[in-house]
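# Remarks on the overall topology
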Amino acid sequence: MKKIAKKTPVLKRLYELYERMDAAYAASATAIGLSCQGCADSCCETLFRHHTYVEWTALAQGFAALPPARQDEMRTQAETYLRIHRNALPGMRPRVPCPASVSTESGLVCGIYAHRPMVCRLHGVPNVLQRPGAAPAAFPGCDRAQNLAKTCEPALLDRTPLLSDLARLEMDLLGRERMGKLPRVDLTIAEMLLMGPPRL
Ligand code: SF4
């Protein structure tokens, strides 16, 4: 109980940060007329890896709140997902839908949408990241975004303040002493779903 009470304010701030990420994404996407509607190149088949305990904690809580049958379904999908990636030929990256995705009449949708981590929220739009002491790194966005950006001025999403707030939340969750001592999180959604919440 103590642990949950300690995490709750951090998670509340994480969800506020997620709202800011969604707003930043929407502003950038709207500026170039980007929509995911009808896109055959589903981002949810991309092999994303995730890097913070705070996002993992929120994802695990969201997953635990799903009906048990849905959780079982996603766990089975996660096992299949990992098996396919493990058995891929060297240099090949199979395209497999994320195990958190759910098939609907209008296509795949995210089954843990409110709890999806940062990379799922920011992927696709042209963006920039300023690392301390380095030149800004620019990312052009997905293929559809790059095509649209040829005909208008892109509104670059600045990931810098969002990432720095996420790093602050990670620090607040773990505490200064454990920051950098715990193993780095380098997990797919499939691994996080199967592992359950991080043991903190
Ligand atoms: S967590 Fe949701 S948004 Fe992210 S890749 Fe999986 S299905 Fe897509």
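This text gives an overview of the structure that appears in the document. (Residues numbered from 1 in each chain as written. Predicted model: local features only at pLDDT ≥ 70, side-chain atom pairs only at ≥ 80, totals over all residues.)

What follows concerns the overall build of the protein chain. Each helix and strand in the protein chain was counted, giving seven helices and five strands. From first element to last, N terminus to C terminus, the protein chain shows the α and β order α-α-α-β-β-α-β-β-α-β-α-α. Its C-alpha atoms give the protein chain a radius of gyration of 18 Å, within 12% of the compact-globule value 16 Å for 200 residues. Oriented by its inertia axes, the alpha-carbon framework of the protein chain measures out at about 55 × 40 × 35 Å. Going through the 200 residues of the protein chain one by one, you find that 29% of them count as buried. Partitioning the intrachain contacts of the protein chain with sequence separation of at least 6 by distance along the chain shows that 77% fall at a separation of at least 24. (Helix = DSSP H or I, 4+ residues; strand = E, 2+ residues; numbered from the N terminus. Rg over C-alpha atoms; globule rule 2.2 N^0.38 Å. Buried ≥ 20, exposed ≤ 12 C-beta atoms within 10 Å, placed from the backbone. Contact = placed C-beta atoms within 7 Å.)

This paragraph deals with the site of the ligand. In the neighbourhood of the ligand, the contacting residues comprise Cys44, Phe48, Cys98, Ala100, Ser101, Cys110, Ile112, Arg116, Cys120 and Ile189. Residue composition of the shell around the ligand, grouped by class: eight nonpolar, one polar and one charged. (Near = placed C-beta within 6 Å. Nonpolar A, V, L, I, M, F, W, Y, C, P; charged D, E, K, R; others polar.)

Along its 12 residues, helix H2 (residues 53-64) runs 16 Å from first to last C-alpha, staying within 8% of the 16 Å computed at 1.5 Å per residue. Listed in full, the buried residues belonging to H2 are Tyr53, Val54, Glu55, Trp56, Thr57, Ala58, Leu59 and Phe63. (Expected span 1.5 Å × (residues − 1).)

Moving on, we come to the environment of Gly175. Assignment of secondary structure puts Gly175 in the loop between helix H6 (160-174) and helix H7 (189-195). Note: C-alpha distance between Gly175 and Ala134 (41 residues apart in sequence) is 27 Å.

Another point: helix H3 (residues 68-86). Quick reminder: α-helices carry 3.6 residues per turn. Residues three or four places apart thus point the same way. With 19 residues, H3 extends 27 Å between its outermost C-alpha atoms, agreeing within 8% with the 27 Å of an ideal straight helix rising 1.5 Å per residue. Among all positions in H3, only Met74, Gln77, Ala78 and Tyr81 are buried. The arc enclosing the buried residues of H3, seen along the axis, measures out at 110 degrees, which places them on a common side. For H3, the exposed residues set more than 90 degrees away from the buried face come down to Pro68, Ala69, Asp72, Thr76, Arg83 and Arg86. Looking at the buried positions of H3, the neighbouring elements they touch are H7. (Arc of directions from axis to C-beta.)

The values are spatial; any link to function lies outside them.
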